[in-house]
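Observations on chain architecture
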Amino acid sequence: MAILRAAGELAARDGLAGVQMLDVAKEAGVAIATLYRYFPSKTHLFTAVLEWHIETFLEGHDETAADAGTADPVQDVAETLTALTLKLLDNPLLASAVAMSSFTEYAGTTPTRYDIAGSYLGRTVLKLLGVHDPGEADRSTVRLLIYCWWGLFVAAQTEEISVQRVEADLRLAVRLILAPYAAD
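Residues numbered from 1 in each chain as written. Predicted model: local features only at pLDDT ≥ 70, side-chain atom pairs only at ≥ 80, totals over all residues. Heavy atoms only, no water.

Right, let's talk about the UniProt feature "DNA-binding region" (unreviewed entry) in the protein for a bit. The feature "DNA-binding region" (unreviewed entry), as given by UniProt, occupies residues 20-39 in the numbering adopted here. In this annotation, residues 20-39 is assigned 75% helix and 0% strand; the end-to-end C-alpha distance for the span is 13 Å. (UniProt positions renumbered as here; feature names shortened; annotations may be inferred. Helix = DSSP H or I, 4+ residues; strand = E, 2+ residues; numbered from the N terminus.)

See below:
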């Protein structure tokens, strides 16, 4: 966790191009060999930083959402994804670093390497929907939703659309994609 925290802080300050692996190791208080043992490249490191930020946010958000949960699980998913998006976009340099690393990581591996529906984010969406034993249709729905969320995050991060438009589009996407899960 010290490595991920150090990398995130450095990227938030200097951007991806300004972060050197040696600086991350020094900031985290680990040997450079240790850093490379866990993260063979900067791409791997910042992909892990993204996953760590998502997990950290959702763990804290879970308790808040449980207390403020509505009778509509689709609304709960929309609120969670919107809050996560705003949190990630809160620091543009870090958002850019994790987005660029994710693109590089995905392009360099086979798409089946990562089960997005089984990720922490995917499991959180399923939990908010009340799905405890997901079938293939549930997993496909969550996968589609997360890919949509990611596209909107990237569009906001690259300033193709405004944050306000992202919020509105995300709420619409959640409502449309998760219509079968909506409370009556």
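Still more to cover.
Across all of its chains, the model carries four salt bridges by this definition. Note that Asp-14 and Arg-13 form a salt bridge whose closest N and O atoms lie 3.0 Å from each other. A residue is classified by how much of its surface remains accessible, and Arg-13, at 56% relative accessible area, is exposed. (Salt bridge = Lys/Arg side-chain N within 4 Å of Asp/Glu carboxyl O. Buried < 20%, exposed > 50% of the residue type's maximum accessible area, 1.4 Å probe, protein only.)

The next point concerns helix α8 (residues 136-157). The end-to-end C-alpha separation of α8 is 31 Å, in line with the 32 Å expected for 22 residues at 1.5 Å each. One or two steps after α8, the chain reaches Glu-159, where phi turns positive at roughly 60°. (Expected span 1.5 Å × (residues − 1).)

Attention now moves to the packing of aromatic side chains. Within this structure, the stated rule accounts for three aromatic pairs. With centroids separated by 6.0 Å and ring planes inclined at 20°, the aromatic side chains of Trp-149 and Phe-153 adopt a geometry described as stacked. Note that Trp-149 and Phe-153 are positioned in helix α8 at a spacing of four residues, about one turn of the helix. With respect to class, Trp-149 is no different from Phe-153; both count as buried. Grouped by ring-pair contacts, the aromatic residues Trp-149, Trp-150 and Phe-153 constitute a single cluster. (Phe/Tyr/Trp six-rings, centres within 6.5 Å; stacked < 30°, edge-to-face > 60°.)

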